[in-house]
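# An overview of the molecular structure
Listed here are the chains, written in short residue letters.
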Amino acid sequence: MTLARTLAALFLLLALYCGIDPFNHSAISDFPHFQAHPIHLSPWSSLPTERDTHNLLQNSEIKFLNQVQGPESVAFDPLGRGPYTGVADGRILFWDGHSWNTFAYTSSNRSEICDPKPSPLSYIKNEHICGRPLGLRFDKKTGDLYIADAYLGLMKVGPEGGLATSLATEAEGVPLLFTNDLDIDEEGNVYFTDSSNVYQRRNFLQLVFSGESSGRVLKYNPNTKQTTVLVRNLQFPNGLSLSKDGSFFVYCEGSLGRLSKYWLKGGKAGTSEVFAILPGFPDNVRTNEKGEFWVAIHCRRTMYAYLFAIYPKIRKLTLKLPISAKVQFLFHIGGWPHGVVAKYSPEGELMQILEDSQGKVVKAISEVEEKDGKLWMGSVLMPFMAVYDLA
């Protein structure tokens, strides 16, 4: 009986601690209105079972170590030059074959607080001032670079670079709070994602933990200068890429771990459907010259994350424990960072998986761009790029 009473007392003390979080040590202590929403993941049995047992991504070459901080997106201009990448200090850099040069920037309020720092995470508190370019795409006809800046919205800069021009900061009266990725069709229309209307990029961990569904997919019309909402009520929409024939685009649903397809042409135009169930939680997606889709997967889905998703009350209780957001995130991804990329056919069939399950070389991947038989991989969390030779 004494043991039972002791355990009961400890349980009550733990419940009281979680209820009031007196020392503000929890992952959500700075978010008094935090809500944990249901995340309706596909059944565990529907996950792809294929694995890269050889950990082929460990054969990748690490490039530009400590020369680029948090290179989220990787792009090459219409002449094949580059890569170009957006980094944590708010600039877009260009590799000229010998060195990195500042090509463009998104914020007109840059100052010494945007100067180089030791790691990508060092910039987070000033991102809203310095800008944080995420998705990058070149218009192949004009050479203009379109930019999804997490805080400043949809932007564009000409072939000569410089300060980017704002194109959209809201849609239907609702501000763009977390502009994430984009693509451009043959007519110059820009399709892009706004990941959340509740959490900005600097609070992306809380967005992951919350599962809230204010994300949107949008379209910017360069002729009318109007932005319209195509899909709404999404849980962390992220990467977006058009099909080779332009009949549809796919977009990543980060919280649900899947790719969805939005039809632009044909009898299904204006409708969405599930394109593929992914082995983990995606970031960006890019189309190669054959029309196949490369998906950067932040981590494989774990049973912990699965249970975390489908039981929101337990999730919130766990998040109120005196455990930092960083450690909670490590639980979520399986204990350590590990890179995964997956290639899908235009019909949504899984074609190939490459990974570094031990995180020895490629610890995290935000985007994978195929060029000349190589995969160029960037990560918003890492101070380098990784290049994998497909030959």
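Quick note: structure is the one above.
The rules behind the values
- Residues numbered from 1 in each chain as written.
- Predicted model: local features only at pLDDT ≥ 70, side-chain atom pairs only at ≥ 80, totals over all residues.
- Heavy atoms only, no water.
- Buried < 20%, exposed > 50% of the residue type's maximum accessible area, 1.4 Å probe, protein only.
- Helix = DSSP H or I, 4+ residues; strand = E, 2+ residues; numbered from the N terminus.
- Pairing = 2+ DSSP bridges.
- Axes fitted to C-alpha atoms, helices over the stretch in contact; angles between N-to-C directions.
- Parallel < 35°, antiparallel > 145°, perpendicular 65-115°, else oblique.
- Contact = heavy atoms within 4.5 Å.
- Nonpolar A, V, L, I, M, F, W, Y, C, P; charged D, E, K, R; others polar.
- Arc of directions from axis to C-beta.
- Salt bridge = Lys/Arg side-chain N within 4 Å of Asp/Glu carboxyl O.
- Disulfide = S-S within 2.5 Å.

Of all five residues in strand β7 (residues 153–157), four are buried; the element is thus mostly enclosed. Pairing of strand β6 (residues 145–149) with β7, which is carried by five bridges, proceeds in the antiparallel orientation. In the strand pairing of β7, Ile-147 is matched with Met-155. Pairing of β7 with strand β9 (residues 165–168) involves three bridges; the strand directions are antiparallel. Paired with Met-155 across the bridge in β9 is Ser-166.

Another aspect to go through is the packing of helix α4 (residues 303–310) against helix α6 (residues 325–333). In contact at an axis separation of 6 Å, α4 and α6 are set at 110° when each is read in the N-to-C sense. As the angle between them shows, α4 and α6 are arranged roughly perpendicular. Here Tyr-304, Ala-305 and Phe-308 of α4 lie close against α6, whose contacting residues are Gln-328, Phe-331 and His-332. Residue classes in the contact of α4 with α6 are distributed as four nonpolar, two polar and no charged.

Our focus in this paragraph is the pairing of strand β21 (residues 293–300). A regular strand carries its side chains on alternate faces of the sheet. Within β21, eight of the eight residues are buried, which leaves it mostly tucked inside the rest of the structure. For strand β20 (residues 280–287) and β21, the ladder comprises six bridges, and the chain directions are antiparallel. Bridging across to β21, Arg-286 finds its partner in Trp-294. Taking the residues that link successive antiparallel strands as the turn, the β20-β21 hairpin has five residues, and the phi of Gly-291 there is positive, at about 90°. Sheet analysis places β21 next to strand β22 (residues 339–344), joined by five bridges and oriented antiparallel. Within β22, the residue paired with Phe-293 across the bridge is Tyr-344.

Here we take up α4. Restricting attention to buried positions, one finds in α4 the residues Ala-305, Tyr-306, Phe-308 and Ala-309. Along the axis of α4, the buried residues cluster in a sector spanning 165°; they form a single face. The secondary structure elements touched by the buried residues of α4 are α3 (204–210), β20, α5 (312–319) and α6.

Checked against the element boundaries, Ala-27 lands in the loop between α1 (2–20) and β1 (61–63). Judged by relative accessible area, which is 5%, Ala-27 ranks as buried. Expressed as a C-alpha distance, the spacing of Ala-27 and Leu-321, which sit 294 residues apart in the sequence, is 7.8 Å. Discounting residues that sit within four places of it in the chain, Ala-27 has contacts with Gln-206, Phe-209, Leu-319, Leu-321, Ile-323, Ser-324, Ala-325 and Gln-328.

This model, assessed by the stated rule, comprises 17 salt bridges. For Asp-89, the salt bridge identified is with Arg-91, shortest N-O distance 2.9 Å. Ionic pairing is found between Asp-183 and Arg-137, a salt bridge with its closest N-O pair at 3.6 Å. Taken together, the positions of Asp-183 in strand β12 (residues 179–184) and Arg-137 in strand β5 (residues 133–138) put the pair 46 residues apart, joining distant regions of the chain.

The next thing to look at is the packing of α4 against α5. Geometry of a packed helix pair, given as the angle between the helix axes and the separation of the axes. Running from N to C, α4 and α5 cross one another at 110°; their axes reach a closest spacing of 5 Å. When the interaxial angle is binned, α4 and α5 end up roughly perpendicular. Across the interface between the two elements, Tyr-304, Phe-308, Ala-309 and Ile-310 from α4 touch Pro-312, Arg-315, Thr-318 and Leu-319 from α5. In terms of residue class, the contact of α4 with α5 is built from six nonpolar, one polar and one charged.

Per the stated rule, a full pass over the model turns up one disulfide. Here Cys-299 is not disulfide-linked; the sulfur of Cys-252 is the nearest cysteine sulfur, at 13 Å. With relative accessibility at 2%, the residue Cys-299 sits in the buried group.

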